[in-house]
6 protein chains.
Amino acid sequence: MIVSVFRKAHFNAAHRLHNPSLSEQENKKLFGLCNNPNFHGHNYALEVKVTGEIDPVTGYVIDTKILKDIIQKEVHDRFDHRNLNIDTEEFKNLNPTAENIAVVIWNLIKPHLNPNLELALRLYETENNFVEFHGK
Amino acid sequence: MIVSVFRKAHFNAAHRLHNPSLSEQENKKLFGLCNNPNFHGHNYALEVKVTGEIDPVTGYVIDTKILKDIIQKEVHDRFDHRNLNIDTEEFKNLNPTAENIAVVIWNLIKPHLNPNLELALRLYETENNFVEFHGK
Amino acid sequence: MIVSVFRKAHFNAAHRLHNPSLSEQENKKLFGLCNNPNFHGHNYALEVKVTGEIDPVTGYVIDTKILKDIIQKEVHDRFDHRNLNIDTEEFKNLNPTAENIAVVIWNLIKPHLNPNLELALRLYETENNFVEFHGK
Amino acid sequence: MIVSVFRKAHFNAAHRLHNPSLSEQENKKLFGLCNNPNFHGHNYALEVKVTGEIDPVTGYVIDTKILKDIIQKEVHDRFDHRNLNIDTEEFKNLNPTAENIAVVIWNLIKPHLNPNLELALRLYETENNFVEFHGK
Amino acid sequence: MIVSVFRKAHFNAAHRLHNPSLSEQENKKLFGLCNNPNFHGHNYALEVKVTGEIDPVTGYVIDTKILKDIIQKEVHDRFDHRNLNIDTEEFKNLNPTAENIAVVIWNLIKPHLNPNLELALRLYETENNFVEFHGK
Amino acid sequence: MIVSVFRKAHFNAAHRLHNPSLSEQENKKLFGLCNNPNFHGHNYALEVKVTGEIDPVTGYVIDTKILKDIIQKEVHDRFDHRNLNIDTEEFKNLNPTAENIAVVIWNLIKPHLNPNLELALRLYETENNFVEFHGK
């Protein structure tokens, strides 16, 4: 019996979309207001999806308290109330688009899960803009 | 033309996570506050997803009024304002985790659908904890 | 400059609507499914509203971290994952309707606030049923 | 690295479910209140999902501003504040069920996307009734 | 102990903003797309707020099942899946703006409440546009 | 007939809570993570409430298109995708707490409204933290 378990979390961060290998003008054209050198910010919402067999002893695929702790440590403590471009190792040389943030978070969470479990995630930048990554 | 139709419903219930084949201590360790012998409760939200071909006469995959009635009879009338552990046959001997509730509901709804239609569902225990089951 | 600050929190609990001074039949008639002797439950959502002058030094009416801690201790730690009727002092002899829960919570939070601050709160039993109490 | 990007949009429209090749009575039986000859209406919410590789230069799968403009022109400007049955070419001879609206919108958006990108969408007729179409 | 009880309900309707005493051009200028002669529509959401003393016997200000039935009969059965301009007495000679709909609904519900209870309501035309009326 | 009309809008911004007249240590103690010198950010949601008499000609208290344009110009164009502390005149010398932002926005919008209309507003910093200001 394969079931997916979801856990939602939140973090608030500043960021700026910018590719240092492009000119100022190209950056402005590509990223518009998101290229503001003084940064803007978002309330990011993260839905982590873990898929696997139900353990007949617990009735759980994964204990959501364990999943919550992984997200707290790997995502919230790292990115919440941070400037993604300045305060984090992950985005010092990587443009913090929603797509790239999703891939980074997937790679931060995956090593903490039982290898039998599949991981996917959805990241909301706003209610109207969000992305999904399934690890492939 | 394959389309998925979703219908959302709600029920409010009490439950307790508990495996009678384990000791009190093991139950407490595994399920924490959810093991409270006097129960706690949730507003469950259920999204039922039915996938199939659009009927060219009606423009429907399934009439959502029919789907609504199935959910009302098989899920709402059975579980709403109930204690899942005490008041229901389904969870007398099955730990009512979100995972197990989803599988039980899938099995309750599936026989009422045309066999050509695929069934999946998402069950929210809270806004931040939810599960999906696709019947496999 | 009078501003209201709101902080939202959640707790999940079981309860039963019941007035022990009435007959079984009267209770059933008055409270219907909510009178189920085995309890049902809800995801309660609480919005606490604190109104007062902005402190010119901090720019705060009240530090929401302080407000969050009061709610955590007085509401969440007391009621979350509890059976309101059995596990709490407050509802041993008081029917845990949304109205009464709101009044009880108001009285639990008020003594922890600076007397210059006004307190009101909204309690959601479900998305469609909720109450407000302003302390009068 | 395959990521899905979602963009949500809204439009408000009147419609009537009706199949002119059926009798009045059959229409009433099939579509009930939705067959009201004077129309009723909805706040439709549309989630457009575009799946593809992350462009290493931009960090985007697709610039959501471009996706927003496609939705604005092809969906919003065409259907918002319209009567779907009377004011649009698309539903003059097609019953505007949520299923059919989803297929129509898919066909309107698809030609504007790079052929490497996959398109799917979810259309909400209400919070409780919605559909998904993946183009197959 | 004065508490407010809220009950939320929904109805889906078509309407057109139009003042017959003005010219076509003035109507178009005033109401823009909302003046479309073929109508558009909305998922209206209604929050009814009833304020009064808690009854010490029931712990209720008003039984929300009674409030639900009043809303069902006076609002939902009258306006749901209707064209407000054509199918209802109330808006044959009254422009169905959100403001006017709120006043009409207030007047429909008020006579069914105990005169000791105060009535107010909030009507959502969309998530971003809504109105409140307190009966004065 | 006095009705309140609400219009909701959104803007995304970076900010830092900081009082330059206090020491580094005092700032850190008072504002914690929100004092991060590299900024963090939020998706702010703003609900503007305008109260007045219904105009019998239009059925409006205020045309929400006009209200939308005022919010767009005075709030969105000024603060969206900005760093509140660096990019705006308003918060160069004012700590951008939710309370202070609400007061600033009230003062930006008020002069554009007919003096007969009352103005209040609610500002969401996150779903769980928000403030209200009524202009007094």
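Residues numbered from 1 in each chain as written. Chains lettered and ligands numbered in written order. Predicted model: local features only at pLDDT ≥ 70, side-chain atom pairs only at ≥ 80, totals over all residues. Heavy atoms only, no water.

Moving on, we get to the overall build of chain A. Within chain A one finds four helices and five strands. Element order for chain A, N to C, with α for helix and β for strand: β-α-β-α-β-α-α-β-β. Principal axes of the C-alpha set define a box for chain A whose edges measure 60 × 25 × 25 Å. Among the 136 residues that make up chain A, the fraction classed as buried is 61%. (Helix = DSSP H or I, 4+ residues; strand = E, 2+ residues; numbered from the N terminus. Buried < 20%, exposed > 50% of the residue type's maximum accessible area, 1.4 Å probe, protein only.)

A few words on the interface of chain D and chain E. The interface is formed by 20 residues belonging to chain D together with 20 residues belonging to chain E. Interface area for chain D against chain E, summed over the two sides, is near 1,600 Å², with a carbon-plus-sulfur share of 49%. The largest share of the area that chain D buries against chain E comes from Asn38, Asn43 and His81 of chain D, three residues that together contribute 35% of it. Put simply, chain D and chain E have zero salt bridges between them. The interface formed by chain D and chain E contains 17 residue pairs in polar contact (both at pLDDT 80 or more). When contributions to the side of chain D that touches chain E are tallied by element, the ones reaching two or more residues are β1 (2-15), β2 (40-53), β3 (82-83) and α3 (84-87) of chain D. (Contact = heavy atoms within 4.5 Å. Buried area = accessible area lost by both parts, 1.4 Å probe. Salt bridge = Lys/Arg side-chain N within 4 Å of Asp/Glu carboxyl O. Polar contact = N/O pair within 3.5 Å; in protein donor to acceptor, adjacent residues only side chain to side chain.)

We now examine a negative patch on the surface. Where like charges cluster on the molecular surface, the negative patch consists of Glu127 of chain A, Glu127 of chain B, Glu127 of chain C, Glu127 of chain D, Glu127 of chain E together with Glu127 of chain F. Topologically, Glu127 of chain A is positioned in the loop between β4 (118-124) and β5 (129-133). (Patch = residues over 30% accessible without salt bridge, like charges linked within 9 Å, V, L, I, M, F, W, Y side chains within 5 Å. Areas by Shrake-Rupley, 256 points an atom, 1.4 Å probe, with all protein chains shown as cover. Lys, Arg positive; Asp, Glu negative; His and termini not counted. Charge placed at Lys NZ, Arg CZ, Asp CG, Glu CD.)

Okay, the pairing of strand β2 (residues 40-53) of chain E next. All names here are of chain E. In terms of burial, β2 is largely enclosed, as 12 of its 14 residues are buried. Note that strand β1 (residues 2-15) and β2 share 14 bridges and pair antiparallel. In the strand pairing of β2, Ala9 is matched with Leu46. Note that β2 and strand β4 (residues 118-124) share seven bridges and pair antiparallel. Along β4, the bridge assignment pairs Thr51 with Glu118. (Pairing = 2+ DSSP bridges.)

Turning to the arrangement of the chains, a few remarks are in order. Over all C-alpha pairs, chain B and chain E never come within contact, reaching a minimum spacing of 14 Å. Over all C-alpha pairs, chain D and chain F never come within contact, reaching a minimum spacing of 14 Å.

Here we take up unusual backbone geometry. Non-glycine residue His81 of chain B carries a positive phi angle of around 60°. In this fold, His81 of chain B is placed in the loop between α2 (64-79) and β3 (82-83). Not every positive phi belongs to a glycine, and Phe39 of chain F is a case in point at roughly 80°. Within the element layout of this structure, Phe39 of chain F appears in the loop between α1 (24-31) and β2 (40-53). On the accessibility criterion, Phe39 of chain F (11% relative accessible area) is buried.

Let's shift gears to the relation of the copies chain F and chain A. Rotating chain F by 180° about the axis while translating it 0.0 Å along that axis superimposes it on chain A, leaving an RMSD of 0.0 Å. Such a turn and shift between the copies fits a two-fold axis. Both copies contact each other with a shared surface, as 100% of the interface residues of chain F are interface residues in chain A too. (Least-squares fit on C-alpha atoms with pLDDT ≥ 70 in both.)

Glancing now at the interface of chain F and chain A. The interface of chain F with chain A comprises 20 residues on the first partner and 20 residues on the second. Contact between chain F and chain A buries roughly 1,600 Å² in total, counting both sides, with carbon and sulfur atoms accounting for 48%. It is Asn38, Asn43 and His81 of chain F that lose the most area in chain F upon contact with chain A, and together they represent 35% of the buried surface on that side. The interface formed by chain F and chain A includes zero salt bridges. There are 17 residue pairs in polar contact (both at pLDDT 80 or more) connecting chain F and chain A. With four residues, the top contributor of residues to the side of chain F that touches chain A is β2 of chain F.

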